[in-house]
Structure formats: structure tokens, C-alpha cells
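# A structural walkthrough
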Amino acid sequence: MVTVALWGSLRDLADGREEVEVEASNFKELLDTLQRDYPALGPQIKRGVSVAIDGRVYRNSWFTEIRPDSEVVLMPYMKGG
């Protein structure tokens, strides 16, 4: 199981939880499982989210490995500028 910290407005879409636990070994599995377990997150995930894994931010790196002890943060898609 991976503990995922939810950032900002994403918490409201997961029943107010700051953290959730999901079974996932990569970025794609993480998003698929979150959409299944917390359907309200689905529209935001489809619009775009970023995931920080051990301090590095990813957006579309579907097969990036996530270890059970990884620090994972899910946040709305962030644009640089």
C-alpha cells in the first residue's frame, strides 16, 4: 500500500481526507485506483493532476515506479511560467 497525500481542493473530493492509502506500483495504477476508490476525483484527474514521488513532480510518466515507502503527493496540475 502507498500513502498518498492529497493537496488542496483534492481533499474535498476524497471525503475531506488529507491522506489515502492505495494499492499501486506505478503512476498509472495510482491514478486508476484513486478514480475507482474515490470517483469524485475522476474529473479532476482527467483534467490533469501532478504527482510528486519522493520530491520529483511527474505529470504523464505512466510507468514511473512507486515503492510502498515512497512519499507521494497528488496535486492539481501545476504549470510553470
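Residues numbered from 1 in each chain as written. Predicted model: local features only at pLDDT ≥ 70, side-chain atom pairs only at ≥ 80, totals over all residues. Heavy atoms only, no water.

Labelled according to an unreviewed UniProt entry, the protein appears under the name MoaD/ThiS family protein, originating from Roseovarius pelagicus.

To continue, consider unusual backbone geometry. With phi around 60 degrees, D15 is a residue other than glycine that occupies positive phi space. With respect to the element layout, D15 can be found in the loop between β1 (2–6) and β2 (19–22). Accessibility expressed as a relative area gives 66% for D15, which makes it exposed. (Helix = DSSP H or I, 4+ residues; strand = E, 2+ residues; numbered from the N terminus. Buried < 20%, exposed > 50% of the residue type's maximum accessible area, 1.4 Å probe, protein only.)

To continue, consider helix α1 (residues 27–37). Turn by turn, an α-helix covers 3.6 residues, leaving residues three or four places apart pointing in a common direction. Listed in full, the buried residues belonging to α1 are F27, L30, L31, T33 and L34. Take α1 and look down its axis: the buried residues cluster within an arc of 165 degrees, on one side only. Looking at the buried residues of α1, the elements they touch are β1, β2, α2 (42–47), β3 (49–53), β4 (56–58) and β5 (72–76). Its side-chain oxygen at 3.1 Å from the backbone nitrogen of K28, N26 defines the N-terminal cap of α1. (Arc of directions from axis to C-beta. Contact = heavy atoms within 4.5 Å. Polar contact = N/O pair within 3.5 Å; in protein donor to acceptor, adjacent residues only side chain to side chain.)

What follows deals with the nonpolar core. The nonpolar side chains of soluble globular proteins are, as a tendency, buried together. With 22 residues, the main nonpolar core has V4, V20, V22, L30, L34, V51 and L74 as its most contacted residues. Listed by contribution, the elements that provide at least two residues to this core are β1, β2, α1, β3 and β5. By residue number, the principal contributor to this core is α1, which donates four residues. Sequence-distant contacts of L74, defined by excluding residues within four places in its chain, comprise V4, A5, L6, W7, L10, L31, L34, V49, S50 and V51. (Core = buried A, V, L, I, M, F, W, Y, C linked by side-chain atoms within 4.5 Å.)

When you line up the elements, T64 lands in the loop between β4 and β5. With near-sequence residues (within four places) excluded, T64 lies in contact with S25, N26, F27, I53 and Y58.

Taken in spatial order, the five strands make up an open sheet running β2-β1-β5-β3-β4, and their pairing is mixed. Where the open sheet ends on each side, the last strands, each with one partner, are β2 and β4. Sheet twist, expressed as the average angle between the axes of neighbouring strands with direction ignored, equals 30 degrees. Pairing of β3 with β4, which is carried by three bridges, proceeds in the antiparallel orientation. Residue pairing in the sheet places A52 in a bridge with V57 of β4. Seen against the sheet, α1 touches β1, β2, β3, β4 and β5 and runs at an angle of roughly 110 degrees to β2. (Pairing = 2+ DSSP bridges. Axes fitted to C-alpha atoms, helices over the stretch in contact; angles between N-to-C directions.)

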